[in-house]
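Working through the structure, step by step
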Amino acid sequence: AQSVTQLGSHVSVSEGALVLLRCNYSSSVPPYLFWYVQYPNQGLQLLLKYTSAATLVKGINGFEAEFKKSETSFHLTKPSAHMSDAAEYFCASSYSGSARQLTFGSGTQLTVLP
Amino acid sequence: GAGVSQSPSNKVTEKGKDVELRCDPISGHTALYWYRQRLGQGLEFLIYFQGNSAPDKSGLPSDRFSAERTGESVSTLTIQRTQQEDSAVYLCASSLNAGGEQFFGPGTRLTVL
């Protein structure tokens, strides 16, 4: 069975500082991994995804994530936080199977301080 | 439409009543998913439809939950005899095909009093 763990339900950073949101996965087979962002009262939006190609994945809005098999991690980073980055972020995984339903972590609420 | 739409956006009901939630996927998307998001938690997979194949119902929490989809269009999620623990945001997503990027709707916030 798959599981996804996000360390830190709340993260605060200052505007312009590095953003680091942590995600670890547990899977018996190589997973597909995703980061989604959810703004208030909106649906989830895909930031980036790892599908066994390059281990460093670049997404929208300046975010990137690195797949590290040895650490079973897929942490999300952004060099310089912007006020508009304040949102909830979800890490998710799926099997490389046919159904591809997503298993989500519990989410990390990012606050950006002026 | 341009994106996945869901209705109603909010639903307040009394314990024991039945509710029906609707999802309109992106036109042409063959795969459709329902998820539940409880307060402070991640999304839980409920059910998956792919074309005319039998749906994957492995995530439905009890037999009070059911869902239907007409062809490759609208889907309805029905919860019978609602309980307070059913209070959550119910999210629908669709993808062009199985394994494709999932596009999410804004969700229906269900409150069971």
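The structure under discussion appears in the preceding block.
Attention in this report is confined to the structure presented alongside it.

The rules we used
Residues numbered from 1 in each chain as written. Chains lettered and ligands numbered in written order. Predicted model: local features only at pLDDT ≥ 70, side-chain atom pairs only at ≥ 80, totals over all residues. Heavy atoms only, no water. Contact = heavy atoms within 4.5 Å. Buried area = accessible area lost by both parts, 1.4 Å probe. Salt bridge = Lys/Arg side-chain N within 4 Å of Asp/Glu carboxyl O. Polar contact = N/O pair within 3.5 Å; in protein donor to acceptor, adjacent residues only side chain to side chain. Nonpolar A, V, L, I, M, F, W, Y, C, P; charged D, E, K, R; others polar. Helix = DSSP H or I, 4+ residues; strand = E, 2+ residues; numbered from the N terminus. Buried < 20%, exposed > 50% of the residue type's maximum accessible area, 1.4 Å probe, protein only. Pairing = 2+ DSSP bridges. Axes fitted to C-alpha atoms, helices over the stretch in contact; angles between N-to-C directions.

Overview of the interface of chain A and chain B
Chain A puts 16 residues into the contact, and the matching count from chain B is 19 residues. Both faces combined, the contact of chain A with chain B buries some 1,300 Å², and carbon together with sulfur accounts for 55% of it. For the interface between chain A and chain B, the tally reads zero salt bridges. At the surface where chain A touches chain B, the tally comes to two residue pairs in polar contact (both at pLDDT 80 or more). When the residues that make up the side of chain A that touches chain B are grouped by side-chain class, the tally is seven nonpolar, seven polar and two charged.

So, the pattern of salt bridges
One side chain can pair with another of opposite charge once the charged atoms of both are near each other. Scanning all chains against the criterion turns up five salt bridges over all chains. Measuring nitrogen to oxygen at the nearest pair gives 2.7 Å for the salt bridge that ties Glu64 of chain A to Lys58 of chain A. A salt bridge links Arg64 of chain B to Asp86 of chain B; the nearest nitrogen and oxygen atoms lie 2.8 Å apart. One end of the pair, Arg64 of chain B, is in the loop between β5 (43-50) and β6 (65-69); the other, Asp86 of chain B, is in the loop between β7 (75-79) and β8 (88-95), and 22 residues separate them in sequence. Of the two residues, Arg64 of chain B and Asp86 of chain B, both sit in the buried class.

Notes on the environment of Ser58 of chain B
Among the structural elements, Ser58 of chain B can be located in the loop between β5 and β6. Considering only alpha carbons, one finds Ser58 of chain B and Ile47 of chain B, 11 residues apart in sequence, at a separation of 6.6 Å. Not counting chain neighbours up to four residues away, the residues in contact with Ser58 of chain B comprise Gln101 of chain A together with Phe45 and Leu46 of chain B. A polar side-chain atom of Ser58 of chain B sits 2.7 Å from a polar atom in the side chain of Asp56 of chain B.

Points about the sheet that holds strand β1 (residues 3-7) of chain A
Residues and elements named next belong to chain A. Overall, antiparallel pairing links the five strands, which are arranged β1-β3-β8-β7-β6 in an open sheet. Here the strands that pair on one side only, and so sit at the sheet edges, are β1 and β6 (56-58). Across the sheet, the mean angle from the axis of one strand to that of its neighbour is 20°, orientation sign disregarded.

Here we look at the pairing of β7 of chain B
All names here are of chain B. Among the five residues that make up β7, five are buried, leaving the element largely enclosed by the rest of the structure. Side chains Ser75, Leu77 and Ile79 of β7 all project onto a buried face; the interleaved residues Thr76 and Thr78 project onto the opposite face, where all are buried too. Judged from the five bridges that link them, strand β3 (residues 19-24) and β7 form a sheet pairing that is antiparallel. Its bridge partner being in β7, Leu21 is matched across the sheet by Leu77. For β6 and β7, the ladder comprises five bridges, and the chain directions are antiparallel. Note that in β7 the partner of Arg69 across the bridge is Ser75. Counted along the chain from β6 to the antiparallel partner β7, the turn is five residues long, and its residue Gly71 has a positive phi close to 55°.

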